[in-house]
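Listed below are the residues making up each chain.
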Amino acid sequence: MWYKLVCSALLVIVLTVAAIAHNGASGIVKERMDLMSSIGKAMKTIGTMIKGTTAYDAGLAEKAAVAISNHAEKITSLFPADDPGELSEALPAVWESWDEFETMSDTLKTEANKLAIFASTSVSGSEITVQFLAVGNTCKSCHEKFRQKR
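Residues numbered from 1 in each chain as written. Predicted model: local features only at pLDDT ≥ 70, side-chain atom pairs only at ≥ 80, totals over all residues. Heavy atoms only, no water.

How should the environment of C139 be read in this particular structure?
Mapped onto the elements of the fold, C139 is located in helix α6 (residues 129-146). On the accessibility criterion, C139 (15% relative accessible area) is buried. Along the chain, C139 and I39 lie 100 residues apart, while their C-alpha atoms are 9.5 Å from each other. (Helix = DSSP H or I, 4+ residues; strand = E, 2+ residues; numbered from the N terminus. Buried < 20%, exposed > 50% of the residue type's maximum accessible area, 1.4 Å probe, protein only.)

Have a look at this one:
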């Protein structure tokens, strides 16, 4: 049951960020906020299966995990060196520690790919919980280092 609490906490964080973040943003900042929001929605899709609030659907879980991976591949392109920074929650650390930021983005893609594999072969949400948490923890680590706290 501990995993349900952790999953619930991750979902609340992701959805709260997505809901608040988009106020007035435009251009590349809005593009990356939309991309992060899409990742959050995909995480929610899987998270509800893990919590048991929706039935486990291996195909849907795999599709959501693949979407996370595909979005992760685009993250670094949405943080150009000449970023306007308007209404952005990105910290200067993104550009100051670019290699680490890029590595975290790559790690998200790798972990999401693993989640897609586990999701496609699992028969329940509980079977993919550990890998789901690995994806969520990757997001959390990046946010802690590279995003302004609220």
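How should the pattern of salt bridges be read in this particular structure?
Oppositely charged side chains can pair when the atoms bearing their charge come close. One pass over the structure, following the stated rule, counts six salt bridges. A salt bridge links E73 to K109, with the nearest nitrogen and oxygen atoms 3.0 Å apart. In this pair, E73 sits in helix α3 (residues 58-74) while K109 sits in helix α5 (residues 98-121), placing the two residues 36 residues apart along the sequence. Its relative accessible area of 53% is what places E73 among the exposed residues. The closest approach of N and O atoms between R147 and E89, which form a salt bridge, is 4.0 Å. Taken together, the residues span a long stretch of sequence, with R147 in the segment after α6 and E89 in the loop between α3 and α4 (93-96) at a distance of 58 residues. (Salt bridge = Lys/Arg side-chain N within 4 Å of Asp/Glu carboxyl O.)

Keep in mind that these numbers describe shape and distance, not what the molecule does.
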